[in-house]
Amino acid sequence: MTTNSSPQLWLYDTTLRDGTQREGLSVSIEDKLRIARRLDQLGIPFIEGGWPGANPKDVQFFWQLQEDPLKQAEIVAFCSTRRPNSTAATEPMLQDILAAGTRWVTIFGKSWDLHVTTGLKTTLEENLAMIRDTIEYLRSQGRRIIYDAEHWFDGYKHNRDYALQTLEAAIASGAEWLVLCDTNGGTLPHEISQIVQDVISHLSFVSQCVAEVPDARVLANAALSVEATGVICQELMTEDKGQRTMPQIGIHTHNDSEMAVANAIAAVMAGAKMVQGTINGYGERCGNANLCSLIPNLQLKAGYSCITEDQLTQLTEASRFVSEVVNLAPDEHAPFVGRSAFAHKGGIHVSAVERNPLTYEHIQPEQVGNRRRIVISEQSGLSNVLAKARSFGIELDQQKAEAREILQRLKDLESEGFQFEAAEASFVLLMHEALGDRQKFFEVKGFQVHCDLIEGKETSNALATVKVAVDGKNILEAAEGNGPVAALDAALRKALVNFYPQIATFDLTDYKVRILNGHTGTAAKTRVLVESGNGRQRWTTVGVSTNILAASYQAVVEGLEYGLLLHSQAEAALKASS
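Residues numbered from 1 in each chain as written. Predicted model: local features only at pLDDT ≥ 70, side-chain atom pairs only at ≥ 80, totals over all residues. Heavy atoms only, no water.

**Q** What exactly am I supposed to notice about the overall build of the chain here?
**A** Helices and strands together make up the secondary structure of the chain, namely 20 helices and 18 strands. In the chain, which comprises 578 residues, the share counted as buried stands at 52%. Restricting to contacts in the chain with at least 6 residues of sequence separation, those with at least 24 account for 67%. Entry remark: accessible area of the chain is about 26,500 Å², with carbon and sulfur atoms responsible for 49%. (Helix = DSSP H or I, 4+ residues; strand = E, 2+ residues; numbered from the N terminus. Buried < 20%, exposed > 50% of the residue type's maximum accessible area, 1.4 Å probe, protein only. Contact = heavy atoms within 4.5 Å. Areas by Shrake-Rupley, 256 points an atom, 1.4 Å probe, with all protein chains shown as cover.)

This is the structure:
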């Protein structure tokens, strides 16, 4: 828990640049703006918006934020150092950076001598000049600089002295943050801790040096030892308007060894004051440090102040919002923010959690905006059923037959292939059925589906006809779709929307099929899970049959029925409060 005296930690989100490098992830300008404003609301101090000039999308993104700025966050432009054997003042890409209009710019430069000689194909001295020239030029244009030391840890391990010289070049030029990057994601936490401590010790030594060099700026352009460069850095600490403090250290980790979060925490414990990462850990290859894990770990467990407690309660919603915008399914098992992060399945676990949540929960789920879930399956005991019913506002008496009837019905259906732990909406309808109060919004009298498969065409057309009854009135409707399930869903909606206009807000957001007994070939039993949503909530229903269309029909129908139940309950609550 943080207090007023908790040490401040600065968060830097790079979802909009590093995160979008994830394979299969693509965002529009509108998507980037929506995410930026959501991160601003979450209280992230620094939001990296992209590389202006690298593509038209990023240029327009920064232009739009100049017209309508964020509320509290600093939007940051990202760019590399100038090219070898040129000057920063004549570098076109730096003009794009200036045109972005941000106060802060993140510049990345090479720390590893291998990348300098092999990647840039230049000399070690020229790389230092590129760092100095780029930062000095941007500083002269009124920009504040965060320096990302790319491949820092690999560079340090291969050539410590040169890696430190790159940092000193950034310091001498006026960088305010030095961010150490584990770009390849291969460093382990104990190495991170040792190296960060060494860097901080070295910079402390630099800041304590007594400058006795007559013209530090001239000598800074020469090839010097680490000790001599340290003297230059100290000389440049003094400016006309007072003492400039030494830059602070940040950390940027990748997850190639499944260590990104642990490495970032190790760096903070060693003295880093800024943590860079992405929402949901999105990023190239195996991803970046996941801010959705870092923030609660650092704030709730390590005692750092990252965002306010109220903002922390928005973390789960922010995680799901970003996954929705980028059109990637949320990781249901993600720590802290996943749907299963506080899910309890075993009967003994559920019974213990009901008495005291500390028995099986490391934090209160509400602290991060999540909630406890009691999972229902054939392994469930009566305590699971009672707790699950309670979570949906249904009070069951364990002494009465209804509770045990629900438990037995649950076990019978799961033995047939149903799976209610992933289909809570279907379980709620099952409970209402057992209690005798399941609302009959409509009744499906029957359906037919016709598919046209034309050789040589990649897509096929499907036509579904459904007959439903609402309040004793029969309705016959037909609709087309690009497949049988889409056509069936469209026909049902068409038949019901005049009676229940709210159905127009329901979306079928996911459709999953699982073959349960594949050894029986085409006669195998099929389980279908359908996820539906209304823009505010999501729910999942299940159907099982040897006929995939019948299984789909069960799941789709219950999805619509549950959506109508939610709407009915919301209306009743509104009336009760007025």
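Read on, since the account is not over.
**Q** Would you take a moment to explain the layout of surface pockets for this structure?
**A** Empty pockets left among the atoms are what a rolling probe the size of a water molecule brings to light. Of the pockets and cavities examined, the second largest pocket occupies roughly 550 Å³. Around the second largest pocket, the lining comprises 23 residues; the ones closest to its centre are Leu 429, Glu 433, Arg 438, Glu 558 and Glu 561. Only α17 (401-415), α18 (424-435), β13 (443-452) and α20 (548-577) provide two or more residues apiece to the lining of the second largest pocket. (1 Å grid on protein atoms, 1.4 Å probe; cavity = no way out; pocket = protein on both sides within 12 Å on 5 of 7 lines; lining within 4 Å. Points joined across faces, edges and corners; volume = space filled by probe spheres on them.)

**Q** When you look at empty space enclosed by the protein in this model, what are you seeing that I'm missing?
**A** A full pass over the atoms with the stated rule returns two cavities of 30 Å³ or more. Taken as a whole, the second largest cavity spans an internal volume of roughly 50 Å³. For the lining of the second largest cavity, the leading source of residues is α20, giving three residues.

**Q** It is not clear to me how the pattern of salt bridges should be interpreted in this structure. Could you clarify?
**A** A side chain with one charge can pair with a side chain of the opposite charge if their charged atoms come near. For the coordinates displayed, the defined rule picks out 29 salt bridges. Close ionic contact of Asp 58 with Lys 32 constitutes a salt bridge, the shortest N to O distance being 2.6 Å. With Asp 58 in helix α2 (residues 56-67) and Lys 32 in helix α1 (residues 29-42), the pair connects residues that are 26 residues apart, well separated along the chain. For the pair Asp 58 and Lys 32, a shared accessibility class is recorded, and that class is buried. When the shortest N-O distance is used, the salt bridge between Glu 531 and Arg 538 registers 2.8 Å. Given the relative accessible area of 15%, Glu 531 is considered buried. Shared partners join several salt bridges into a network, and the residues in it are Arg 339, Arg 371, Arg 373 and Glu 424. (Salt bridge = Lys/Arg side-chain N within 4 Å of Asp/Glu carboxyl O.)

**Q** Would you explain the sheet that holds strand β17 (residues 526-533) in this entry?
**A** Think of a sheet as strands paired side by side through backbone hydrogen bonds, with each pair either parallel or antiparallel. Spatially, the three strands line up as an open sheet ordered β16-β17-β18, and their pairing is antiparallel. Only two strands of the sheet have a single neighbouring strand rather than two, namely β16 (507-515) and β18 (538-545). Here the average twist between neighbouring strands, direction ignored, is 20°. With eight bridges joining them, β17 and β18 adopt antiparallel strand pairing. Within β18, the residue paired with Thr 526 across the bridge is Ser 545. (Pairing = 2+ DSSP bridges. Axes fitted to C-alpha atoms, helices over the stretch in contact; angles between N-to-C directions.)

**Q** Can you help me understand the side chain of Asp 31 in this one?
**A** Structurally, the position occupied by Asp 31 is in helix α1. Of the side chains bearing the opposite charge, Arg 34 lies closest to the buried Asp 31, which forms no salt bridge; the N-O distance is 4.6 Å. A distance of 3.0 Å separates a polar atom in the side chain of Asp 31 from the backbone nitrogen of Ser 28. (Lys, Arg positive; Asp, Glu negative; His and termini not counted. Polar contact = N/O pair within 3.5 Å; in protein donor to acceptor, adjacent residues only side chain to side chain.)

**Q** Where do I start with the packing of aromatic side chains in this structure?
**A** Inspection of every chain in the model, using the stated rule, returns 12 aromatic pairs. Both rings, one in Tyr 12 and one in Phe 46, keep their centres 6.2 Å apart while their planes meet at 25°; by these two values the pair is stacked. Within this pair, whereas Tyr 12 is found in strand β1 (residues 10-13), its partner Phe 46 is found in strand β2 (residues 46-50), the two being separated by 34 residues in sequence. We note that Tyr 12, like Phe 46, is buried. Each residue in the set Trp 10, Tyr 12, Phe 46 and Trp 104 is aromatic and connected to the rest through ring pairs, giving one cluster. The ring of Phe 78 has Arg 17 sitting right over it, with the charged end atom 3.6 Å from the ring centre. (Phe/Tyr/Trp six-rings, centres within 6.5 Å; stacked < 30°, edge-to-face > 60°. Lys NZ or Arg CZ within 6 Å of the ring centre and 35° of its normal.)

No statement about biological role is implied by the geometric values presented.
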